[in-house]
Amino acid sequence: MPTSFRHRPALAAALAGAGALMAGAAARAQEAAAPAAAGAVPDGAMQGAAQAAPDAAAAALASLPHDLSPWGMFVTASPVVQAVMVGLALASVVTWTIAIAKTVELSSAKRKARAALAMLEEARSLSQAAERVGFSQGTAAALVRAVVAETHLSADAPSRDGLMDRAASRLERIESAAGRRMARGTGILATIGSTGPFIGLFGTVWGIMTSFIGISKAQTTNLAVVAPGIAEALLATAIGLVAAIPAVVVYNACSRAIGGHKAQLTDASAAVLRLLSRDIDRHALPRPHSNSRAAE
């Protein structure tokens, strides 16, 4: 029998013994590592950590607001977000107050300007227009009285060449004053319309930041924990849009209405200057002693 076949059983026995030794060493290493791990993390700490997360999640869920209506979200919001919401609500009230006041004011001014313009077109002289105007209020009446007063002040002038220029200067200043008076309050609308969305966005950012802080304290990312805080924050943005959109719309409407009223005043000024020009050509200017009450 060859030598290799005679030594094969001995090699197999040696390999089997080496495998048994390696298995024993691995078992002893695992047994040594288990007590070390157990000593590093005690059983009580592991159980406490396992119970802490469910307890924190349960506490967070228990503290969630149950009323998710707009008023309920306002009540449970942080003081900064509440201040933002209150400010935007007041801005919305101011917007609608200005809208109502300007609608009434511009409607009345346009109606008076139309009536005065029709009267000026029918008048044949400046004296006749002054008699019809009398002591009535309105910008058109002020235009007539201003021109009559200028003719009285220029009665002793050696020439009538500068009378038209002086009268036009008076009329221009009256038109500018009327335009500024009509535009009062529209600047507030422009401010609310431009800053309202950004103020609401500030409240949203602050509310979301507060929500993330609450998430870190609760140690849970459950949607039921996150959603109420984010909803409260987004409510600030919604209120900002509610305040800003009407302000922009009302501002544009007021700008168009004021522009139309200024055009009416320009037509009235042109009509008064035409009457003055006719009287100059006719040498029939109002005398200082006539129509004095109308010129006051």
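Here is a short report on the structure shown in this document. (Residues numbered from 1 in each chain as written. Predicted model: local features only at pLDDT ≥ 70, side-chain atom pairs only at ≥ 80, totals over all residues. Heavy atoms only, no water.)

A few words on the environment of V272. Secondary-structure assignment places V272 in helix α9 (residues 223–282). Measuring from C-alpha to C-alpha, the distance between V272 and R145 comes to 9.9 Å, with 127 residues separating the pair along the chain. Once residues lying within four places of it in the same chain are set aside, the contact partners of V272 are L120, L126, L143, V144, V147 and L171. (Helix = DSSP H or I, 4+ residues; strand = E, 2+ residues; numbered from the N terminus. Contact = heavy atoms within 4.5 Å.)

With that settled, the discussion passes to the pattern of salt bridges. Within this structure, the stated rule accounts for five salt bridges. For E122, the salt bridge is made with R132, and the minimal N-O distance between the two is 3.6 Å. Taken together, the residues span a long stretch of sequence, with E122 in helix α4 (residues 79–122) and R132 in helix α5 (residues 126–133) at a distance of ten residues. A salt bridge links R166 to E150; the shortest N-O distance between them is 3.0 Å. Taken together, the residues R166 in helix α7 (residues 163–182) and E150 in helix α6 (residues 139–153) connect sequence positions 16 residues apart. Residue class for E150 comes out buried when judged on its relative accessible area of 7%. When salt bridges that share partners are traced, they join E150, R166 and R170 into one network. (Salt bridge = Lys/Arg side-chain N within 4 Å of Asp/Glu carboxyl O. Buried < 20%, exposed > 50% of the residue type's maximum accessible area, 1.4 Å probe, protein only.)

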